[in-house]
Amino acid sequence: MSLQAQGMRTWLLQRLTAIYIAIYFLSLIVWCIFNSPVTYNSWYTLISQPVVLVLTILFYLSVLIHAWVGMRDILVDYAKPTSVRFVLLTGLAFALTAMATWLLLIVIGLVKV
Amino acid sequence: MKSIDKRPKYLNLFKIRLPITGIASIYHRISGLILFLSIPFSIYLLQLSLSSEAGFKQALTVFSLPWVKLILVLFLWSFVHHLFAGFRFLLIDQNIGVSLANARMSARFVVFAALVVTLIISGVWIL
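Parameters at a glance
Residues numbered from 1 in each chain as written. Chains lettered and ligands numbered in written order. Predicted model: local features only at pLDDT ≥ 70, side-chain atom pairs only at ≥ 80, totals over all residues. Heavy atoms only, no water. Buried < 20%, exposed > 50% of the residue type's maximum accessible area, 1.4 Å probe, protein only. Helix = DSSP H or I, 4+ residues; strand = E, 2+ residues; numbered from the N terminus. Contact = heavy atoms within 4.5 Å. Core = buried A, V, L, I, M, F, W, Y, C linked by side-chain atoms within 4.5 Å.

Trainee: Summarise helix α2 (residues 40–48) of chain A; cite the residues concerned and give the values.
Mentor: Those residues of α2(A) that fall on the buried side of the exposure criterion are A:Tyr40, A:Trp43, A:Leu46, A:Ile47 and A:Ser48. Against α1 (6–34), α3 (50–78) and α4 (82–110) of chain A together with α1 (20–51) and α2 (53–62) of chain B lie the buried residues of α2(A).

Here it is, written out as structure tokens:
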């Protein structure tokens, strides 16, 4: 199967993002368990580290891509006629991009120059 | 295209009996939809928890509201089921457990384990 094929690329993207999401989220849970009770200081110190910030951006990027592929699957299956599907897909893309921007603004606020 | 198919459609959702593999699959879809809806809440809570000491406390107290707990249990089930069912799909992609008997067994395991883990975590941390 060629990676040039549109569906193959999407299929692979969905799996790679899934694996990254699982690893990041489970790592965060393990960190919370080992650092319990989590305080504002320990939480802020963890997230504002440059490496963790980048990993967190990648996490949300993965989530948003994963959500795009999954929600698109749902809409393609159930949203009919095509005009309705088009509007919903556009709304979905808008919502996901808005959420990515929102997250970016939060992260920028955490970067110390 | 004009349909000449006169067979009756039988789509009463309460009468359709999905096989266990179908149940694991449709739950994967439903949990995915719920997780999609949880994304903005997670970003909001991240923002609140990092804003200040008071914001962090506020983010924690949100979790102690009864109706939030109920939603949290739903999000928790969605996450656990989506994770387990997703892992099952990854194994099937690798040709592991593809036979009907194995697929049924793993589907039953995923649906059951997700419920049990959700109940345990809910009991310990949420309720």
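Trainee: Account for the nonpolar core, with residues named and values stated.
Mentor: By size, the foremost hydrophobic cluster in this structure holds 31 residues, and its most contacted members are A:Ile47, B:Phe36 and B:Ile39. The biggest single contributor to this core is α3(A), with 10 residues. Ignoring sequence-local partners within four residues, the contact set of A:Ile47 consists of A:Val52, A:Leu53, A:Leu110 and B:Leu50. Judged by nonpolar contacts, the second largest core, of 6 residues, contains B:Leu76, B:Val80, B:Ala114 and B:Ile126.

Trainee: How would you summarise unusual backbone geometry if you had to cite specific residues and measurements?
Mentor: Note: most peptide bonds trans; most residues except glycine with negative phi. At the junction of A:Ser36 and A:Pro37, the peptide bond is cis and its omega measures out at -5° in the coordinates. For the peptide bond that leads from A:Lys80 to A:Pro81, omega is 0°, which places it in the cis range. The backbone of B:Asn95 shows a phi angle near 65°, a positive value even though the residue is not glycine. Looking at the element boundaries, B:Asn95 is found in the loop between α3 (66–93) and α4 (100–126). The class of B:Asn95 is exposed, set by a relative accessible area of 63%.

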